[in-house]
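# Summary of the model geometry
Listed here are the chains, written in short residue letters.
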Amino acid sequence: MSGPPPHAEGVANDAEVVAGSLDRPELFARLYDRYAPDIHRYAARRLGEVAADDITADTFLTAFRIRARYDRTRPSARPWLYGIAANLIGKQRRAEVRALRALARTGHDPVAVSWVEDTDSAVAAQGPLADALASLSVGDRHVLLLVAWADLTYQEVAEALDLPVGTVRSRLNRARRKVRTALGADPAFVSDAAEVA
């Protein structure tokens, strides 16, 4: 998963970019350059390509408008941007559920097909998974997909959604259990070792 580029001489961390953009708005484009592809990919997985263009644009427009409120003690703006994107996606909940239900019926995910080598087995698994994701509450789905598809840590998800880390853990645990059950696994016999991280 891509994140901010390695800090080279003259490359500001995200907090510095946001702070500098208050006087020089053009600096904010650095955040777009660093994170727009990741935000777009995440939104496309959740809502489809067409909606992803709008979500990505709206994410950075919103971030630009509220940049004065950015917590400059956080050197990475990645969780903040994913939080904005998740909130915008949440406003389109019906569209996301429709897209997941369509994926459950057809088993075709145009985004995943482009980067999954074994498309036959991937397609066979997508229908039930999409149906399980569609059945989750929006809060549980946000947490699960920010971890699974955006590769955010628990702390980053907490920052993104403005939640305590404990709430992130409990939502993630509940979402994983529901998905496992929907996919036919007995959640009592599935190890949660990965959830300790």
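Everything discussed here concerns the structure shown above.
Summary of the structure given here. All values reported here derive from a predicted model rather than from experimental measurement.

Turning to a negative patch on the surface, a few remarks are in order. On the surface, Glu49, Asp53, Asp54 and Asp58 cluster together into a negatively charged patch. With respect to the element layout, Asp58 can be found in helix α3 (residues 49-65).

Take the environment of Ser21 next. By secondary structure assignment, the location of Ser21 is in helix α1 (residues 14-21). In sequence terms Ser21 and Phe64 are 43 residues apart; their C-alpha atoms lie 8.8 Å from each other. If we ignore the near neighbours within four places in the chain, the residues touching Ser21 are Leu27, Phe28 and Arg67. Within polar-contact distance, the side chain of Ser21 engages the side chain of Arg67 at 3.1 Å.

Attention now moves to the packing of aromatic side chains. Inspection of the entire model under this criterion finds four aromatic pairs. Centroid distance Tyr32 to Phe60: 5.0 Å. Interplanar angle 70°. Geometry classified as edge-to-face. One end of the pair, Tyr32, is in helix α2 (residues 29-47); the other, Phe60, is in helix α3, and 28 residues separate them in sequence. Take Tyr32: its relative accessible area is 41%, and that puts it in the partly exposed class.

Once that is clear, we can look at the side chain of Thr56. Tracing the sequence through the fold places Thr56 in helix α3. With relative accessibility at 4%, the residue Thr56 sits in the buried group. Side-chain polar atoms of Thr56 contact the backbone oxygen of Ala52, separated by 2.8 Å. If we ignore the near neighbours within four places in the chain, the residues touching Thr56 are Tyr32, Ala36, Ile39 and His40.

Between two packed helices, both the angle of their axes relative to each other and the distance between the axes serve to describe the pair. Remark: helix α9 (residues 154-161) packs on helix α10 (residues 165-182), axes separated minimally by 9 Å, with the N-to-C direction vectors making an angle of 105°. In terms of axis orientation, α9 runs roughly perpendicular to α10. Contacts between α9 and α10 involve Tyr154, Gln155, Val157 and Ala158 from the former and Val165, Val168, Arg169, Leu172 and Arg176 from the latter. Within the contact of α9 with α10, the residues separate by chemical class into six nonpolar, one polar and two charged.

Inspection of the entire model under this criterion finds eight salt bridges. Arg41 is the salt-bridge partner of Asp38, the closest N and O atoms lying 2.4 Å from each other. In this pair, Asp38 and Arg41 are both assigned in helix α2, three residues apart and thus about one turn of the helix distant. Exposure remark for Asp38: the relative accessible area of 2% places this residue in the buried category. Since its relative accessible area comes to 40%, Arg41 is described here as partly exposed. Arg174 is the salt-bridge partner of Asp140, the closest N and O atoms lying 2.8 Å from each other. Residue Asp140 is found in helix α8 (residues 138-148), and its partner Arg174 is found in helix α10; the two are separated by 34 residues along the sequence. A relative accessible area of 2% means that Asp140 is categorised as buried. One network of salt bridges, with partners in common, ties together Asp71, Arg74 and Glu159.

Looking now at the packing of α8 against α9. For the pair α8 and α9, interaxial distance at closest approach is 10 Å and the crossing angle is 135°. Taken together, the axes of α8 and α9 are oblique relative to one another. The two elements α8 and α9 meet at a crossing, and its hand is right-handed. Here His142, Val143, Leu146 and Val147 of α8 come into contact with α9, specifically with Tyr154, Val157, Ala160 and Leu161. Looking at the contact of α8 with α9 residue by residue, the classes come out as seven nonpolar, one polar and no charged.

Definitions and cut-offs
- Position numbers for residues start from 1 in each chain and track the written sequence from start to end.
- Reporting in this predicted model follows two pLDDT cut-offs: at least 70 for local features of residues, and 80 or more for side-chain atom pairs to be given and counted; totals over whole chains, interfaces and linings ignore these cut-offs and use all residues.
- For the side-chain quantities, the full set of heavy atoms in the structure was used; hydrogens and water were omitted.
- A residue counts toward a patch only above 30% relative accessible area and without a salt bridge, and it is joined to like-charged neighbours within 9 Å or, for Val, Leu, Ile, Met, Phe, Trp and Tyr, to nonpolar neighbours within 5 Å.
- The Shrake-Rupley method, run with a 1.4 Å probe sphere, supplies the accessible areas, and residue values consider only the shown protein chains as cover.
- A pair is scored as a salt bridge if a Lys or Arg side-chain nitrogen falls within 4 Å of a carboxyl oxygen belonging to Asp or Glu.
- His is not counted, nor are the chain ends; Lys and Arg add positive charge and Asp and Glu add negative charge.
- Positions of charges follow a simple convention, taking NZ of Lys, CZ of Arg, CG of Asp or CD of Glu.
- Per the convention used, a helix needs a DSSP run of H or I reaching at least four residues, while a strand needs a run of E reaching at least two, with both numbered from the N terminus.
- Contacts were defined at the residue level, with two residues in contact if any of their heavy atoms lie within 4.5 Å.
- Think of a polar contact as two N or O atoms within 3.5 Å of one another; within protein, one of them needs to be a possible hydrogen donor and the other a possible acceptor, and neighboring residues in sequence only count if both atoms come from side chains.
- A pair of Phe, Tyr and Trp rings is counted when the ring centres sit within 6.5 Å of each other, with Trp represented by its six-membered ring. The angle between the planes then sorts it: under 30 degrees is stacked, over 60 is edge-to-face, the rest tilted.
- When accessible area is computed with a 1.4 Å probe and restricted to protein chains, residues below 20% of their type maximum are described as buried, those above 50% as exposed, and intermediate ones as partly exposed.
- Axis lines are fitted through C-alpha atoms, for helices just across the contact stretch, and the angle between N-to-C directions can take any value from 0 to 180 degrees.
- To sort the angles, those under 35 degrees are grouped as roughly parallel, those over 145 as roughly antiparallel, those from 65 to 115 as roughly perpendicular, and the leftovers as oblique.
- Any residue that is not Ala, Val, Leu, Ile, Met, Phe, Trp, Tyr, Cys, Pro, Asp, Glu, Lys or Arg is counted as polar, Gly included; the first ten are nonpolar and the last four charged.
- When the near helix sits turned anticlockwise from the far one by under a right angle, the crossing is termed left-handed; a clockwise turn instead gives a right-handed crossing.

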